[in-house]
Amino acid sequence: MSIVTGSMDLLRRISREQFRTGLVLFTALVLGACSSQAALEAERAAAEQERVAVEQEVARVAAEEARQRAEAEERERQARVREQQRLEAERRQQAEIAREEAEARAAQERQEREAVHRREQQRQREIEAVARAEAEREEKLARIAELEAQIAEMREAVATTEAANERYREAILVAEELVEVLAEEQAKYENVDAAGNLLEPLAQGLIADLEARRTSLVEEAQAAQ
């Protein structure tokens, strides 16, 4: 606007010819000024477009960088999660192995205790069986001694009482047979298995019969005196 005002003042001071010349110059100046204004506006528009383009590119780059950072952070997070899962799985596996080992040790210790208990029970049963066999053997020996004493008494009675001699002799024979049977029974206590059980059965019925017959003969002999 300052260029146009100055040009109008100049036109007032010049002649017609000069006016035409000046008009031409003015027109040229106006056109030049317009062209310069248009060029300036174009440059401004281009600069604005370039600025917008730069801002858009900066925004795009920033967004891309943000996306890449987010992806990197997500990858790191997933890697941490996988590592935590791996550590947790390893911890669970180690705990399971430790539990199985503890159970195996407990089972083995329990089996060993049970085996020791069974062996102790077996040993106790064997001791008791041997003790019973020994007690029975002692009882039989005492019975044999008692019978031998009775035989001696009966022999003395035979010598003093002729009337009862026959019964006493029979009683002596029965008593001697009973002693032989008891001796045979005594030998059976030496033939036992690992648990102390007799391998041959005792002749309890025969012993009872012989004792009853001996007692009867003694009573008859005593009655005959």
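In this text, all values refer to a predicted model and were calculated from it rather than measured experimentally.

1. What about the overall build of the protein chain?
Okay, so step 1: Regarding its fold elements, the protein chain presents 4 helices and 0 strands.
Okay, so step 2: Along the chain direction, N to C, the helices and strands of the protein chain fall in the order α-α-α-α.
Okay, so step 3: Each of the 225 residues in the protein chain was classed as buried or not, and the buried ones make up 17%.
Okay, so step 4: The contacts in the protein chain between residues at least 6 apart in sequence include a share of 59% that link residues at least 24 apart.
Okay, so step 5: Split by element, the accessible area of the protein chain, about 16600 Å² in all, is 55% carbon and sulfur.

2. So, the nonpolar core
Okay, so step 1: Of all hydrophobic cores here, the largest spans 18 residues; its most connected members are Ile151, Met154, Leu178 and Leu182.
Okay, so step 2: For this core, the secondary structure elements donating two or more residues are helix 2 (16-160), helix 3 (165-188) and helix 4 (204-224).
Okay, so step 3: If one sorts the elements of this core by residue count, helix 3 sits on top with 9 residues.
Okay, so step 4: Other than its neighbours up to four places away in sequence, Leu178 contacts Leu147, Ile207, Leu210, Glu211 and Arg214.

3. Some words on the pattern of salt bridges
Side-chain pairs of opposite charge can arise where the charged atoms are in close proximity.
Okay, so step 1: Applying the stated criterion to the full structure yields 15 salt bridges.
Okay, so step 2: Glu88 serves as the salt-bridge partner of Arg92, at 3.5 Å between the closest nitrogen and oxygen. Residue Arg92 and its partner Glu88 are located together in helix 2, separated by 4 residues, close to a single helical turn.
Okay, so step 3: Look at the salt bridges and you will find they share partners, linking Glu64, Arg67 and Glu71 into a network.

4. Focus: the side chain of Arg214
Okay, so step 1: Within the secondary structure layout, Arg214 lies in helix 4.
Okay, so step 2: Despite its burial, Arg214 pairs with no opposite charge, the nearest such side chain being Glu211 at 5.8 Å.
Okay, so step 3: Among the polar contacts made by the side chain of Arg214, one reaches the side chain of Gln150 at a distance of 2.8 Å.
Okay, so step 4: The residues touching Arg214, leaving out its near neighbours within four places in the chain, are Arg143, Leu147, Gln150, Ala171, Val174, Ala175 and Leu178.

5. Concerning the confidence of the model for the protein chain
Note that predicted coordinates carrying low pLDDT should not be read in detail.
Okay, so step 1: Predicted confidence across the protein chain gives a mean pLDDT of 76, with 72% of residues reaching 70 or more.
Okay, so step 2: The low-confidence segment residues 1-8, where pLDDT is below 50, has 3 contacts with residues more than four positions distant or belonging to other chains.
Okay, so step 3: Residue range residues 10-15 is modelled with pLDDT below 50. Its contacts to residues more than four positions away, or to other chains, number 6 contacts.

Conventions used here
Residues numbered from 1 in each chain as written. Predicted model: local features only at pLDDT ≥ 70, side-chain atom pairs only at ≥ 80, totals over all residues. Heavy atoms only, no water. Helix = DSSP H or I, 4+ residues; strand = E, 2+ residues; numbered from the N terminus. Buried < 20%, exposed > 50% of the residue type's maximum accessible area, 1.4 Å probe, protein only. Contact = heavy atoms within 4.5 Å. Areas by Shrake-Rupley, 256 points an atom, 1.4 Å probe, with all protein chains shown as cover. Core = buried A, V, L, I, M, F, W, Y, C linked by side-chain atoms within 4.5 Å. Salt bridge = Lys/Arg side-chain N within 4 Å of Asp/Glu carboxyl O. Lys, Arg positive; Asp, Glu negative; His and termini not counted. Polar contact = N/O pair within 3.5 Å; in protein donor to acceptor, adjacent residues only side chain to side chain. pLDDT = per-residue confidence, 0-100.

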